[in-house]
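# Summary of structural features
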Amino acid sequence: MTVVDVFADVCCPFTHVGLRRLVQRRDAAGADVQLRVRAWPLELVNGTPLDGPFVAEEIVDLREQVAADCFVGFDVAAFPASSLPAMDLTAAGYARNVETGERVALAVRDALFEHGRDIADPVVLAAIATEAGLTDWEPASPSTSERWRDAVLADWEEGKARGVIGSPHFFVGAEDHFCPALHIERVDGHLRIDADEDVFEAFVQRVMT
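The text that follows walks through the structure, step by step, so that each part is easy to find. For clarity, every value in this text was computed on a predicted model and none was experimentally measured.

With 13 residues, helix 8 (residues 149–161) extends 19 Å between its outermost C-alpha atoms, agreeing within 8% with the 18 Å of an ideal straight helix rising 1.5 Å per residue. Among all positions in helix 8, only Val-152, Asp-155, Trp-156 and Gly-159 are buried. The buried residues of helix 8 occupy an angular sector of 100° when projected down its axis, which confines them to one face. Projecting away from the buried face of helix 8 at angles above 90 degrees are the exposed residues Asp-150 and Ala-161. Looking one or two residues beyond helix 8, the residue adopting positive phi is Gly-163, at roughly 85°.

We now examine the nonpolar core. By size, the foremost hydrophobic cluster in this structure holds 41 residues, and its most contacted members are Phe-71, Phe-74, Leu-89, Val-108, Ile-119 and Trp-137. When contributions to this core are tallied by element, the ones reaching two or more residues are helix 1 (13–29), helix 3 (52–65), helix 4 (84–96), helix 5 (98–113), helix 6 (122–131) and strand 6 (190–195). Filtering out sequence-adjacent residues up to four positions away, Phe-74 remains in contact with Ala-56, Ile-59, Phe-79, Leu-112 and Phe-113. Within the second largest apolar cluster, 19 residues are counted, among which are Leu-35, Ala-105, Phe-200 and Val-204.

A word on the side chain of Glu-114. If you trace the backbone, Glu-114 turns up in the loop between helix 5 and helix 6. Judged by its relative accessible area of 10%, Glu-114 is buried. Here Phe-71 takes part through its backbone nitrogen, which lies 2.8 Å from a polar atom of the side chain of Glu-114. A polar contact is formed between the side chain of Glu-114 and the backbone nitrogen of Val-72, at a distance of 3.2 Å. Once you skip the residues sitting within four places of it in the chain, Glu-114 turns out to touch His-16, Arg-20, Asp-69, Cys-70, Phe-71, Val-72, Gly-73 and Arg-109.

Below, the discussion takes up the pairing of strand 1 (residues 2–8). Summarising burial for strand 1: five of the seven residues are buried, a large majority. Sheet topology note: the strand 1/strand 2 (residues 33–39) ladder contains seven bridges and is parallel. By the bridge assignment for strand 2, Asp-5 is matched with Arg-36. Where strand 1 and strand 3 (residues 169–172) come together, three bridges link them in antiparallel fashion. Each bridged residue has a counterpart across the sheet, and for Val-6 the counterpart in strand 3 is Phe-170.

A few words on the sheet that holds strand 1. If you trace the four strands from one edge of the open sheet to the other, you get 2-1-3-4, paired in mixed fashion. The sheet terminates laterally at strand 2 and strand 4 (175–178), the two strands that pair on one side only. Ignoring strand direction, the axes of neighbouring strands in this sheet form an average angle of 25°. Across the face of the sheet, helix 1 comes into contact with strand 1, strand 2 and strand 3 while running at roughly 165° to strand 2. The sheet strands contacting helix 9 (residues 197–208) are strand 1, strand 2, strand 3 and strand 4, and the helix crosses strand 3 at an angle near 45°.

In the segment running from Ser-167 into Pro-168, the intervening peptide bond is cis, with an omega of 0°. The residue Pro-168 is located in the loop between helix 8 and strand 3 in this model. At Phe-71, a position not held by glycine, the phi torsion is positive, near 65°. Even without being glycine, Cys-179 reaches a positive phi, approximately 45°. As for its placement among the helices and strands, Cys-179 is situated in the loop between strand 4 and strand 5 (182–187). Judged by relative accessible area, which is 8%, Cys-179 ranks as buried.

What counts as what
Residues numbered from 1 in each chain as written. Predicted model: local features only at pLDDT ≥ 70, side-chain atom pairs only at ≥ 80, totals over all residues. Heavy atoms only, no water. Helix = DSSP H or I, 4+ residues; strand = E, 2+ residues; numbered from the N terminus. Expected span 1.5 Å × (residues − 1). Buried < 20%, exposed > 50% of the residue type's maximum accessible area, 1.4 Å probe, protein only. Arc of directions from axis to C-beta. Core = buried A, V, L, I, M, F, W, Y, C linked by side-chain atoms within 4.5 Å. Contact = heavy atoms within 4.5 Å. Polar contact = N/O pair within 3.5 Å; in protein donor to acceptor, adjacent residues only side chain to side chain. Pairing = 2+ DSSP bridges. Axes fitted to C-alpha atoms, helices over the stretch in contact; angles between N-to-C directions.

As structure tokens, this is what we get:
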């Protein structure tokens, strides 16, 4: 089995697109590949939580240019005040095994971006935990989340040591790929996003081998 490390923030819309595309290709090919989605908490990197309305603007640009099938249920009113609780739950999933961790990492992003759920809400996280089989996750219990915070912070420190520059940053063996196949620049207040399918295909083939 190949395990791909991905350093990313839960609330990063570019990560949501990248993970969904890679998982779809992996599942279609039946490849023995798992994703270990590590915490890269942008609110700690930048010193402030991500801004919901700003992310909503990025989502509009993403949908119009490269990801029309994503973010169908996104609700900016439900944007979380912090991404750290969802990263705590993800760390708990990976402590169980890589399959459970990946399931949680994808589920928290689907809850936010496809179903308009507040993933800082303990009840929302408890439902995701139950679905993933993490029966010891207690809703509305700060200690449940905080017990995994050291793992989140350790990911952040490891990401810095490995030269992570943003979300998502993939590591496949000795190679690393930042936001593969998307060229992004801001022009007149909006994103211009170009998808390079040849680059993405080469990345997928590297992951699958």
